[in-house]
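Below are the chains, spelled out letter by letter.
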Amino acid sequence: MSEKNNLDFVYKEEILKRSINPGFSSELSKVDKFISGLNPFCGDEVKFHFNLSHNNITNIYLELEGCAIHKASSSLLAEVILNENINTIQKVCDEFISFFNTKNNSNQKFQNHKLQITNPIHSVKSNQIRIKCVLLSWNAIYNNLF
Amino acid sequence: MVDFKTIIKDFPILKRRINENKLIYFDNAATSQKPKVVIDALSNFYSNNNANIHRGVHTLSMEATYLYDEAKEKIAEFINAPNNNSIIFTRGTTESLNLIADSWGQSNLKESDSIVITELEHHSNIVPWQELIKKTKSKLRYIPINTDGTLNLANINNIITKNTKLISMTHVSNGIGTINNIKKIIKIAKSVGATTVIDAAQSVPHMPIDVSDLDCDFLTFSGHKMLAPTGIGVLYGKKELLESMPPYQKGGDMILEVTYDKATWNEIPFKFEAGTPNIAGAIGLGAATNYLMKIGMQNIRDHEIEITKYAYNNLMNVDGIEILGPENTDIRAGLISFNIPNIHPHDLGTFLDSKGIAIRTGHHCAMPLIKKLGHHSSARASFYLYNTNHEVDKFTAEINNSIKYFNNV
């Protein structure tokens, strides 16, 4: 980083790196499930393409348009839910969304250990207006995967 | 000669520090800051004169009525409306446009008619017409834009035809700053007998506007973008048109006589101001109008031309920047919409906020326009009378710092 200031609290280096390379960039030859999300206030957009096998997510292709926080958060979500059974994903998403929507719980421990990889993005909670960037994809999956 | 450097002292909020930096407020196209005279007008009204208007016979009601009506007179003078009764107070530009669509539109349009708008419009000058054509089965047509964000009038005679009943267009694009030649379009509209609506939300606060000279049928604007409180705006309409239109909302104040079976309507402007209006907001708008008139709208426009030229030239030196809209400040208002490669506008906005600089990021409620220009969103700096070239220097320097910050990961 060229400079250190309170911005680094929002843009942790790992988040910036992940936003530049969110991964999940290989298109799927066939798509079993498609879910999209759009924030009409800012234009952030996400398109999830899934391969499923016996209700397990076996492959993900991610199309992203938007800010660094949205891209990094979507990438983290994809990593969390890859190889998971879709019946467990709603609970995982709910746990993450609740963390951001509940005040004074910064030290909360997640029940699902896979959510630990989301730690670098938790500090965005201090920037009220950017929480929607974190949650766009998580809400899209939570509301549409079932 | 106005000394714009001293104007900052009139605005208490501009003393604020944001994230340990002096506030630089470049989000004036979204809303403007308020001078002390406007804040005092609200405070004085609630401290000394508060009462409902037009009905009471007591002293406070008479004072409140006088102040409300005086504000209306001031606004009529400000835009050179021939008649105070042509000024309708609304919640803002959006409500003014919806009023026209619902009241004039539903009673004047039929299936073979068309409405013409432009590709530059704010959502508030698109959606009411989209909904209106569903109800009336009329058609909505667009005047296209060129790549520089100016209107393409090459086929205008095929777009504005004898079937065109209404032309509604922005004077200044809130998304990219283009100033349209509305006088020319109004003239074309008149040649086919179409009614004209000017969305002046981004022009009335920043430049002289004369509705008598423009000869438009309707003109709409918002108080909060011109130093006044939120929740108050204006619909100007030609007297005979307003008189011919049915009411938009029904209730108290807008009636002449009510029986258990029916009601008759009061005369304008009361017919369009149902219920207790935003009295304090109107008085605040009157105070803001007075303040702007003392400085002079041409002086404000000249100041904004200078700062916009300075900002445009500075920003053009930023690596890879793409500025949307026309370069020529004769046809660009005091706002610059832009994108920096590899930095999303939201991230730039958060970076600048950490330096005390407020800009707008996103699609600016002009989603079709920003998409048409090949973007999903943009960053927008918009200036007003209290901004300075010195602030532009700091703004440009911090944009360059943001490029280092986001690209040195």
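Residues numbered from 1 in each chain as written. Chains lettered and ligands numbered in written order. Predicted model: local features only at pLDDT ≥ 70, side-chain atom pairs only at ≥ 80, totals over all residues. Heavy atoms only, no water.

(A) Up close: the domain arrangement of chain B. Residues and elements named next belong to chain B. Here chain B is partitioned into domain 1 (4-30 + 296-407) and domain 2 (39-294). Distance between the C-alpha centres of domain 1 and domain 2: 28 Å. Facing the 35 residues of domain 1 at the interface are 34 residues of domain 2. Carbon and sulfur atoms make up 61% of the surface buried where domain 1 meets domain 2, a total of about 2700 Å² over both sides. The largest contributions to the domain 1 side of the interface with domain 2 come from Met 297, Leu 369 and Tyr 384, which together make up 23% of the buried area. Across the domain 1-domain 2 interface, the total number found is 1 salt bridge. The closest approach of N and O atoms between Lys 372 and Glu 119, which form a salt bridge, is 3.0 Å. Between domain 1 and domain 2 we count 18 residue pairs in polar contact (both at pLDDT 80 or more) in total. The set of elements that each furnish at least two residues to the side of domain 1 that touches domain 2 consists of helix H10 (297-315), strand S14 (335-339) and helix H12 (367-372). Looking at which element gives the most residues to the side of domain 1 that touches domain 2, the answer is H10, with 5 residues. (Domains from an automatic or database assignment. Contact = heavy atoms within 4.5 Å. Buried area = accessible area lost by both parts, 1.4 Å probe. Salt bridge = Lys/Arg side-chain N within 4 Å of Asp/Glu carboxyl O. Polar contact = N/O pair within 3.5 Å; in protein donor to acceptor, adjacent residues only side chain to side chain. Helix = DSSP H or I, 4+ residues; strand = E, 2+ residues; numbered from the N terminus.)

(B) Geometry of the sheet that holds strand S8 (residues 195-199) of chain B. Residue and element names in this part refer to chain B. Judged by pairing direction, the sheet is mixed, and its 7 strands sit side by side in the order S4-S10-S9-S8-S7-S5-S6 without closing on themselves. Only two strands of the sheet have a single partner each, and these edge strands are strand S4 (87-90) and strand S6 (139-143). The sheet shows a mean angle of 20 degrees between the axes of neighbouring strands, taken without regard to direction. Where strand S5 (residues 114-118) meets strand S7 (residues 164-170), 3 bridges bridge the pair, whose relative direction is parallel. In the strand pairing of S7, Ser 114 is matched with Thr 164. Strands S6, S7 and S8 of the sheet are contacted by helix H6 (residues 182-191), whose axis makes an angle of about 175 degrees with S7. (Pairing = 2+ DSSP bridges. Axes fitted to C-alpha atoms, helices over the stretch in contact; angles between N-to-C directions.)

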